[in-house]
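Observations on chain architecture
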Amino acid sequence: MSTDIVLKNASVLTMDAGQPSAELVAISGDKILMVGDNEALDSVAGANTRIIDCQGRTLVPGFNDAHLHLFSLIRKLLSIELSPAAVSSIADIKEAIRRKAEKTPPGTWLSGTDYNEFYLAEKRCPTRWDIDEVAPGHPVVLTHRSLHACVLNSLALSLAGINGDTPEPEGARIERDLATGEPNGILVEMLAYIRSEVMPPFSDAELDEAFALADRHFLAYGITSFQEATYRNDRSRWQIVRRYKDTGRLRSRVSMMAGPGTRREFQEDGLIMGSGDIHLRLGAVKIMLGESAGQGELTQEELNTLVLDCHRTGFQLAFHAITESAVESAIDALEYVNGRYPVAGRRHRIEHCSECPPYLLERLKKLGAVIVTHPSTIYYNGERYLATVAPEQLPWLYRIKAPLDSGVVVAAASDAPVVPVNPLAGIYGAVTRKAESGQVLLPEERISPAQALSLYTVNAAYASFEEDIKGSIAPGKLADLVVLSADPTKVPPEKIKDIKVEMTIIGGEVVWEG
Ligand SMILES: [Zn+2]
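These remarks concern the structure in this document. (Residues numbered from 1 in each chain as written. Predicted model: local features only at pLDDT ≥ 70, side-chain atom pairs only at ≥ 80, totals over all residues. Heavy atoms only, no water.)

Per the counting criterion, the structure on display carries 32 salt bridges. Residue R99 pairs with E95 through a salt bridge whose shortest N-O separation is 3.5 Å. Pair noted here: R99 and E95 are both in helix α3 (residues 90-102), with a separation of 4 residues, about one helical turn. Among the ionic pairs, E494 bridges to K497, the shortest N-O distance being 3.1 Å. A relative accessible area of 34% places E494 in the partly exposed class. Bridged by salt links that share partners, the residues E95, R98, R99 and E102 form one connected network. (Salt bridge = Lys/Arg side-chain N within 4 Å of Asp/Glu carboxyl O. Helix = DSSP H or I, 4+ residues; strand = E, 2+ residues; numbered from the N terminus. Buried < 20%, exposed > 50% of the residue type's maximum accessible area, 1.4 Å probe, protein only.)

This is the structure:
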């Protein structure tokens, strides 16, 4: 077997218990051939071997984001950023829309994301009339940071068939000008409807642009694998991802979940849990529980039946469960199944698992369930949690050390686009429990940098049944590797968030260099 690449002079953190550290990694084809010391160079390198001198930098397994939303991320990458980091007034918002409109053919939808009136100089939401001034010939939708509200301009409102005579929709609200009764463009709880029923699907040109942006985005953060966790994933999304994978335009490996409503589409195509290949595979069935689930409430009995059916057809389950009651409902369902068919070894997952008091953790452990948590939200949103989460829930919020200590496998994920994909922010959050503001959330739940790395590598691979091929640096594993500017296990914890990804390698190919 010929050696294609040797990375030498590296501080290798293998995440492989059998050989935790090394200096050199040899790659043949898309796999790791050998892990050893610098002295092995002469015996492993041939005339055609590319030698990469890491000059003492740190080499870790490629990061695996165990839960994100590719199609929402794409939408965000294509849209105009209106967060407080990008704009500070409605005038700024108008200017940003005007610039985008100039570059976009008239009639094409424009989207802006993450406006937050609290941070705007005018202290109000933009209206249809603000947007009309700068983009009268483009339908425009701006989404609020919360995603509970959006603003449409006049053209978009007319395409949606919303005018002064439109009755108030059930469970939603059309805001109106107090004097005239005309809709002012602000719609509450109508975004999902606008996106699915009014806006056209992405054009091929938009998809091409978006996938190019997403691909670079993942590689720059060292994400060599991610797990797509959207319950709306269906056959058409699978085919889109397949197309970009096959043409090499999305290089990170994808494990895609199905939804309870779409899993049969996949089964009809002969795809079951684990089907696909090392580039794109079918993962768990995602089940939404609790408020904000957007899928209609299931009774516990209906949930039990659904979970039993998915389990019996070989699917892993991934429960979206944020609150204590949602987590308990997922556990109740798994215990119900466990009374009929053993669930141990099936690695059913609790996604978010934000509120997990000791009595629930105990039951999770007995079921062999996996927790998929979001340490980067501690960094990006910790301040908000401290200000808004009920005091009785705060001690159980996004716990990581307690589950690890009890033997539960915990994997990490960004839930992007909720927060940026950046795994180093997550490792920082898990190690320091610090928010961007410096406030600390549950210091007793701090874990070591090595443990935090395992959440994004071995444990994330375990969560999708792929630990035999990825997640650690060992002979025979896929050559998915990341070179870091510094060693997260050695720098002062405060510096972890400043560590940069300098090189990303997927399947033995250098796909990104910073
Ligand atoms: Zn999610």
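On to the packing of aromatic side chains, then. Tallied over the full model, the rule gives 9 aromatic pairs. For the ring pair F63 and Y456, a centre distance of 6.3 Å and an interplane angle of 80° mean the geometry is edge-to-face. One end of the pair, F63, is in strand β8 (residues 63-68); the other, Y456, is in helix α16 (residues 449-456), and 393 residues separate them in sequence. Ring geometry for F211 against Y244: centres 4.0 Å apart, planes inclined by 5°, an arrangement best described as stacked. (Phe/Tyr/Trp six-rings, centres within 6.5 Å; stacked < 30°, edge-to-face > 60°.)

Further remarks concern the coordination of the zinc ion. Octahedral metals with six donors have ideal donor angles of 90 or 180 degrees. Tetrahedral metals with four donors have an ideal donor angle of 109.5 degrees. Protein coordination of the zinc ion is provided by H67 (NE2), H69 (NE2) and D415 (OD), with donor distances spanning 2.0 to 2.1 Å. In the primary sequence, the donor residues of the zinc ion line up as H-x1-H-x345-D. You can call H69 buried: its relative accessible area is 13%. (Donors = N, O, S within 2.8 Å, 3.2 Å for Na, K, Ca; no water.)

Glancing now at unusual backbone geometry. Look at the link from A416 to P417: it is a cis peptide, with omega at 10°. Looking at the element boundaries, P417 is found in the loop between β21 (410-412) and α15 (423-432). Notably, K123 is not glycine yet its phi reads approximately 55°, a positive angle. By the element assignment, K123 lies in the loop between β10 (110-115) and α4 (128-134). A positive phi is found at R433, a non-glycine position, where the angle reads about 55°. Within the secondary structure, R433 is located in the loop between α15 and α16.

Here N153 is to be found in the loop between β12 (149-152) and α5 (154-159). From its side chain, N153 meets the backbone oxygen of H138 in a polar contact 2.7 Å long. Residues contacting N153, with those up to four places away along its chain left out, are R128, I131, D132, A135, H138, P139 and V140. (Polar contact = N/O pair within 3.5 Å; in protein donor to acceptor, adjacent residues only side chain to side chain. Contact = heavy atoms within 4.5 Å.)

Attention shifts here to the sheet that holds β12. The strand order β9-β10-β11-β12-β14-β13 describes an open sheet built from 6 strands, whose pairing is mixed. Each of the sheet's edge strands pairs with one partner strand only, and the pair in question is β9 (80-81) and β13 (173-176). With 3 bridges joining them, β13 and strand β14 (residues 183-188) adopt antiparallel strand pairing. Along β14, the bridge assignment pairs R176 with P183. In the packing of α3 onto the sheet, contacts are made with β9, β10 and β11 (140-144), and the angle to β10 comes to roughly 155°. (Pairing = 2+ DSSP bridges. Axes fitted to C-alpha atoms, helices over the stretch in contact; angles between N-to-C directions.)

We now examine the pairing of β12. Taking every second residue as pointing to the same face, both faces of β12 are buried, with A149 and V151 on one and C150 and L152 on the other. Pairing of β11 with β12 involves 3 bridges; the strand directions are antiparallel. Across the sheet, residue T143 finds its bridge partner in β12, namely C150. If you look at the hairpin formed by β11 and β12, you'll find 4 residues sitting between the two strands, and L147 has a positive phi there, around 65°.

Where α15 contacts α16, the two axes come as close as 9 Å, and the packing angle between them is 135°. Here α15 lies oblique to α16, going by the angle between them. As α15 runs across α16, the sense of the crossing is right-handed. Contacts between α15 and α16 involve P423, G426, I427, A430 and V431 on the former and, on the latter, P449, A452, L453 and Y456. Looking at the contact of α15 with α16 residue by residue, the class counts come to 8 nonpolar, 1 polar and no charged. (Parallel < 35°, antiparallel > 145°, perpendicular 65-115°, else oblique. Left-handed = near helix turned anticlockwise from the far one by under 90°. Nonpolar A, V, L, I, M, F, W, Y, C, P; charged D, E, K, R; others polar.)

Attention shifts here to the nonpolar core. Of all hydrophobic cores here, the largest spans 84 residues; its most connected members are F63, L70, F218 and F319. With 7 residues, helix α11 (residues 324-338) is the single largest residue contributor to this core. Formed by 20 residues, the second largest nonpolar core is a distinct cluster that contains I80, A96, I97 and L120. (Core = buried A, V, L, I, M, F, W, Y, C linked by side-chain atoms within 4.5 Å.)

What follows deals with the packing of helix α2 (residues 70-78) against helix α7 (residues 204-220). For the pair α2 and α7, interaxial distance at closest approach is 9 Å and the crossing angle is 105°. Comparing the axis directions of α2 and α7 gives the class roughly perpendicular. On α7, the residues touching L70, L73, I74, L77 and L78 of α2 are E206, E209, A210, F211, L213, A214, H217 and F218. Taken together, the residues of the contact of α2 with α7 sort by class into 10 nonpolar, 1 polar and 2 charged.

As a further point, take the side chain of H320. Mapped onto the fold, H320 is located in strand β18 (residues 317-321). For H320, a relative accessible area of 8% gives the class buried. Within polar-contact distance, the side chain of H320 engages the side chain of H352 at 3.1 Å.

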